[in-house]
Every structure is written in C-alpha cells, then in structure tokens.
Amino acid sequence: MASSSRTSFVLASRASKLAQIQTNIVRDGLETTFPILSFSTSFMTTEGDKNQSQALYLLGGKALWTKELEVALKEDVVDMLIHSLKDVPTTLPHGCEIGAILERENPVDSLVVKQGLPYRKLEDLPDGSVVGTSSVRRVAQLRRSFPGLVFLDVRGNLNTRLAKLDAPDGPYTALILAKAGLVRLGMGDRITADLAAPILFHAVSQGALAIEIRSDDQEARELCKALTHQETQWMCLAERALLRELEGGCSVPVGVSTSLSQIDKSAGKLTRATLEITGCVTSLDGSVHVQDTLSQEVESIQGAEELGKNLATKLLANGAKVILDDITRDRRKRASEAETAE
C-alpha cells in the first residue's frame, strides 16, 4: 500500500446484530492486514429497518437499506460502508463505488422449522402449512413445486423472525432464511435443510459482503484490494450485471446460481476461468417461469459482467419482460391500495 497520511478509518453499517457481526468481520480482516492503522465502527438505523410493518414488495428498491449510510459516506463522516451485497442497488449514487467483495458464504436459502415439529424438509410440510418469508423471489419459485403451502410475509431481524416462528401461538410452521446470515449469527444449528437450485435459486450476490467507498478515496481503495476475493467478485458482478439489465430490485423474483471452474491464476491473481451462470424470473403466482444458462471462458471482470448482461437479454427475449412488466403493474396497484387504506 502506498504511504498514507490517514491512520484511522471509520467503518459503518446498519445497526442490526447481523450487520454489526459482518462489520466486525471486515474490521478484523483490515486490522490483521494493516496492523499499523486504526479501524473503528459506527452503526445506524436505515429506512428499511424503521419500516417493519409494510411488505418489502410494496416498499420498493434496495436503497431502503443504504441511503442514510451513503449520505454519511459522501459527507466524509465515515470512510467505508459494510453491506450484504444482495442489499446494494446495482447502480450506486454518483461518487460511490464498491471497493471490495469478500469471499462468499454458501449463498443458498435454508428451511428453518418451528421448534418441536418433526418436519425435516419442505416435502414433509402438510398442505396449508404457513411458511414465512419476506422475499417474493422465494415465494414465486416455491409456489411452482409446493402449491399447497401458504406463504406469509415476516419482517424483522433474524432473532425477531425466529421468535415469531417459535411462538406457541404463532402462525408459522417454518421460515425460509438466507443460510449465510444464520451461520454468521452462530445459528447454523437452526437450519433444518438447505434449499438449493433447482428447487430455489438464490438472490443475486447472496452470501457476499461488500465494502462501499467514495470514488475519490484512493487510500480506502488500496485497503479494499487486500480483502477482495476475486472468484466471488467475478461471480457476484456477473449476477449484478444480470439484475441491472433486468432492472430488478430486492423485491423482484430474480434467482441465480453461478459457478467458476477451470480457474487460472498468475502471481496469485485470477486471469481466466469458465463462468457458468443460470438465471430465472418467475411470476408471482409461480405459474410462469423463465430460466436459462450461459457458460463461457472469461478473462476479466468486464467479461464476467458481459456474460451476465447477455443472459439477461436472453431471459427478456424468452418471456421475462412480460413477467417483470406484470409485477411492476401489480406493485403499483397494491401500493396505491395500501395508501388508500391508510
């Protein structure tokens, strides 16, 4: 790293327990790599944290989780933002950029069954069982294979959701949650079963942590390079390019599954790999599902992003555009009805 006049950096994230754990993971990595520098943390509540009553589907885009943090970043109050990359909009505000993407945890979703119930997999749940999730992606995909289940929105941090699940008088038989969050919180023992593709394609960038920095902060950029995991970076940026082209947010049923093989490195740097990415878009009722896969040898981030864009173009041409247009109309209608009801 080039000589720097700064010796201290402030890392910021949301105030939830999971966000704090994730921020501490990044802080610890930076402290280990740069022991002569000082790294502190700051936590704040975002609009997405404050609004726990309305369904995510109606609230709109991912900026709910990042906007307040980005104001602090751009005003030089903090130096780095720590995010779950799946919560970061695919287009960042002017003056902000992704400085690092860390090695990904397992990106799959997991089934968590109410304590005391005997069920070990989704197929065991009786028809009429209530499954909690705030993700329309999960609901849309799972309705295809499990039409007898009832899906009910559930909000709050992971501890709150699990408390709602286990409440004796609660409606939920099970929840669907991201495995990475449960593992990072030390709650991996609550996982009943993993739900991998093709049953459930995970969210774009799920399981990966990212550091957002100011675009003009070369010192922070140099620090971030040390934490970047290139294999994760290439896969996640391909997924984000796919989502950006589809113009989907965190409440749009876009699922992915990505892998790298035949990896070549030079001087520890990734130089070439075969990237395979599968993407899908599913109608809200699960009745229409568009899915496709592209595989290609890529030699750069730009090549990975181009493959993601090409897959999006293919999905749109094969019917995804009709699904996404229908979802946009449905969201506007329901949001208007919710406002009228208030």
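What you see is a predicted model; the values in this text were computed from it and never measured.

### Observations regarding the packing of aromatic side chains
Stage number 1. Tallied over the entire structure, the rule returns one aromatic pair.
Stage number 2. Plain terms: the ring middles of F9 and F39 are 5.8 Å apart, the flat faces sit at 20° to each other, and that makes the pair stacked. Residue F9 is found in strand β1 (residues 8-14), and its partner F39 is found in strand β2 (residues 38-44); the two are separated by 30 residues along the sequence. Accessibility classification places F9 together with F39 in one group, the buried group.

### Looking at the pairing of strand β12 (residues 269-282)
Stage number 1. In terms of burial, β12 is a largely internal element, ten of the 14 residues being buried.
Stage number 2. In the sheet, strand β11 (residues 254-266) pairs with β12 via eleven bridges, with the strands oriented antiparallel. Considered in β12, the bridge of S261 is made with T274.
Stage number 3. Counting the residues between successive antiparallel strands, the hairpin from β11 to β12 contains two residues, one of them, A267, with a positive phi of roughly 55°.
Stage number 4. Bridge count for β12 against strand β13 (residues 289-298) is ten bridges, and the pairing is antiparallel.

### Let's talk about helix α9 (residues 230-246)
Stage number 1. End to end, α9 covers 24 Å across 17 residues, agreeing with the expected 24 Å (1.5 Å per residue, within 8%).
Stage number 2. Taking burial as the measure, the 17 residues of α9 include 15 buried ones, the bulk of the element.
Stage number 3. One or two positions beyond α9, positive phi appears at E247, with a value near 55°.

### A look at the sheet that holds strand β3 (residues 80-84)
Stage number 1. Strand order in this open sheet of five strands is β2-β1-β3-β10-β4, and the pairing throughout is mixed. Either end of the sheet is taken by a strand with one partner, and the two such strands are β2 and β4 (96-101). The mean angle between the axes of side-by-side strands here comes to 30°, regardless of whether they run parallel or antiparallel.
Stage number 2. Summarising the sheet, β1 and β3 pair through two bridges and their orientation is parallel. Counted as the bridge partner of A12 is L81 from β3.
Stage number 3. In the packing of helix α8 (residues 218-225) onto the sheet, contacts are made with β1, β2, β3, β4 and β10 (209-214), and the angle to β10 comes to roughly 160°.

### Some remarks on the side chain of S16
Stage number 1. Mapped onto the fold, S16 is located in the loop between β1 and α1 (17-33).
Stage number 2. In terms of polar contacts, S16 uses its side chain to reach the backbone amide nitrogen of A19, at 3.1 Å.

### Here we look at the sheet that holds β12
Stage number 1. Within the open sheet, the three strands sit side by side as β11-β12-β13. Their pairing is antiparallel. Each end of this open sheet is capped by a strand with a single partner; those strands are β11 and β13. Taken over all neighbouring pairs, the strand axes of this sheet differ in orientation by 10° on average, direction set aside.
Stage number 2. Against the sheet, helix α5 (residues 136-145) makes contact with β11, β12 and β13, and its axis sits at roughly 65° relative to β12, the strand it touches most.
Stage number 3. In this fold α9 packs onto β11, β12 and β13, with an angle of close to 35° to the strand it touches most, β12.

### Here we look at unusual backbone geometry
Stage number 1. Cis geometry is found at the peptide bond from A197 to P198, where omega equals 10°.
Stage number 2. Residue placement: P198 occurs in the loop between β9 (193-195) and β10.
Stage number 3. Phi is positive for D76, close to 65°, though the residue is something other than glycine.
Stage number 4. Along the chain, D76 turns up in the loop between α4 (67-74) and β3.

### So, the pattern of salt bridges
Stage number 1. Applying the stated criterion across every chain yields a total of 24 salt bridges.
Stage number 2. As a salt-bridge pair, R137 and D109 come within 2.9 Å of each other at their nearest N and O atoms. Remark: D109 occurs in strand β5 (residues 109-113) and R137 occurs in helix α5; sequence separation between them is 28 residues. This pair shows no difference in class: R137 is buried, exactly as D109 is.
Stage number 3. Among the ionic pairs, E297 bridges to R272, the shortest N-O distance being 3.4 Å. One end of the pair, E297, is in strand β13; the other, R272, is in strand β12, with 25 residues separating them in the sequence.
Stage number 4. Using a relative accessible area of 49% as the deciding quantity, one classes E297 as partly exposed.

### Some details on the environment of L316
Stage number 1. Assignment of secondary structure puts L316 in helix α10 (residues 301-341).
Stage number 2. Between the C-alpha atom of L316 and that of V290, which follows or precedes it by 26 residues, the distance is 8.8 Å.
Stage number 3. Every residue in contact with L316, bar those within four places of it in the chain, is listed here: E245, L246, K321 and L324.

### Considering the nonpolar core
Stage number 1. L242, L246, L275, V281 and L315 are the most contacted members of the largest nonpolar core, which has 28 residues in total.
Stage number 2. Every element with two or more residues in this core is listed here: α9, β11, β12, β13 and α10.
Stage number 3. Top contributing element to this core by residue count: α10, with nine residues.
Stage number 4. What L242 contacts, discounting residues up to four positions off in sequence, is V256, I277, G279, G308, K309, L311, A312 and L315.
Stage number 5. One finds F9, F39, A100 and L102 within the second-largest nonpolar core, a separate group that totals 18 residues.

What counts, and where the lines are drawn
- Residues numbered from 1 in each chain as written.
- Predicted model: local features only at pLDDT ≥ 70, side-chain atom pairs only at ≥ 80, totals over all residues.
- Heavy atoms only, no water.
- Phe/Tyr/Trp six-rings, centres within 6.5 Å; stacked < 30°, edge-to-face > 60°.
- Helix = DSSP H or I, 4+ residues; strand = E, 2+ residues; numbered from the N terminus.
- Buried < 20%, exposed > 50% of the residue type's maximum accessible area, 1.4 Å probe, protein only.
- Pairing = 2+ DSSP bridges.
- Expected span 1.5 Å × (residues − 1).
- Axes fitted to C-alpha atoms, helices over the stretch in contact; angles between N-to-C directions.
- Contact = heavy atoms within 4.5 Å.
- Polar contact = N/O pair within 3.5 Å; in protein donor to acceptor, adjacent residues only side chain to side chain.
- Salt bridge = Lys/Arg side-chain N within 4 Å of Asp/Glu carboxyl O.
- Core = buried A, V, L, I, M, F, W, Y, C linked by side-chain atoms within 4.5 Å.

These figures come from the coordinates and say nothing about function on their own.
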